[in-house]
Amino acid sequence: DYGPVHYYYGKSLLYSSREAEGIEQMKKSIDKGYRYDPYLELSMAAFNKDDYEGSERWLKKAIRDFPQRVELHQLLAESYLRRESGKAEGRKLLLKAINEYVEYVTVQKNDAAAWLRTAQLYRAAHMGQRAVPFLKRVIEIDSASPYAKTATKYLQEGGRPEGTR
């Protein structure tokens, strides 16, 4: 199986002056069924060129081909959040990020940081009441953690975004 060979050779080329060749090697690695790492490398290469939609396409392909790798949902969510856009597009991206985090925490039931991040995104989207069950789950996971302290603070605010009453 030459999947790993294509991957590591492609990785070395991606970070040299032979990026196009590196991309082709990564694609060959994907064709050989070699893990999900080539998708991540291609996603990062696109992201580094400010091709955010291209980056997200590679992450979506990785999710399609490796659905058991739930952390890919988290990466896709963060990609949506990093993309700079106008207000209307920004709201759509925020909602997409929320959906990806919900997918992630549905499987990673004890990742307090991700549950809190999901709640924070709901708050940012002015959907504070939807944040409440996520905040409560953070506290259930580990009531003594810094995440739980933040969740408790947010619950006392009624799940609303900071600065609103």
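Before reading further, recall that the structure is shown in the block above.
The written sequence of each chain sets the order in which its residues are numbered from 1. Given that the model is predicted, a residue must reach a pLDDT of at least 70 before its local features are reported, and side-chain atom pairs must reach 80 or more before they are shown or counted; all residues, however, enter totals for whole chains, interfaces and linings. Side-chain metrics in this entry use all non-hydrogen atoms of the structure; hydrogen atoms and water are not considered.

Draft legend 1. Here's a closer look at unusual backbone geometry. One non-glycine residue with positive phi stands out, namely Arg35, at about 35 degrees. Numbering of helices and strands starts at the N terminus; helices are DSSP runs of H or I of at least 4 residues and strands are runs of E of at least 2. Checked against the element boundaries, Arg35 lands in the loop between helix H2 (19–31) and helix H3 (37–48).

Draft legend 2. Broad picture of the pattern of salt bridges. In what follows, salt bridge is the name for a side-chain nitrogen of Lys or Arg lying within 4 Å of a carboxyl oxygen of Asp or Glu. In total, this model carries eleven salt bridges according to the counting rule given. Notably, a salt bridge pairs Lys49 with Glu19, separated by 3.8 Å at the nearest N-O pair. Linking Lys49 in the loop between H3 and helix H4 (52–65) with Glu19 in helix H2, this pair joins segments that are 30 residues apart in sequence. Exposure classes here rest on a 1.4 Å probe applied to the protein chains alone. A residue is buried below 20% of its type maximum, exposed above 50%, and partly exposed in between. You can call Glu19 partly exposed: its relative accessible area is 25%. A salt bridge links Arg117 to Glu78, with the shortest nitrogen-to-oxygen separation between them at 3.0 Å. Linking Arg117 in helix H7 (residues 112–124) with Glu78 in helix H5 (residues 71–82), this pair joins segments that are 39 residues apart in sequence.

Draft legend 3. Spatial organisation of the environment of Lys136. Along the chain, Lys136 falls in helix H8 (residues 128–141). For the pair formed by Lys136 and Leu116, sequence separation is 20 residues and the distance between their alpha carbons is 9.3 Å.

Draft legend 4. Local environment of the packing of aromatic side chains. Whether two aromatic rings pair depends on their centres lying within 6.5 Å, for rings of Phe, Tyr and Trp, where Trp uses its six-membered ring; planes under 30 degrees apart make the pair stacked, over 60 edge-to-face, and the rest tilted. Evaluation of the coordinates by the stated rule reveals eight aromatic pairs. Judged by centre distance (4.9 Å) and plane angle (65 degrees), the rings of Phe47 and Tyr52 are edge-to-face. Given a relative accessible area of 22%, Tyr52 falls into the partly exposed group. Linked through ring pairs, Tyr36, Tyr39, Trp58 and Phe66 together constitute an aromatic cluster.

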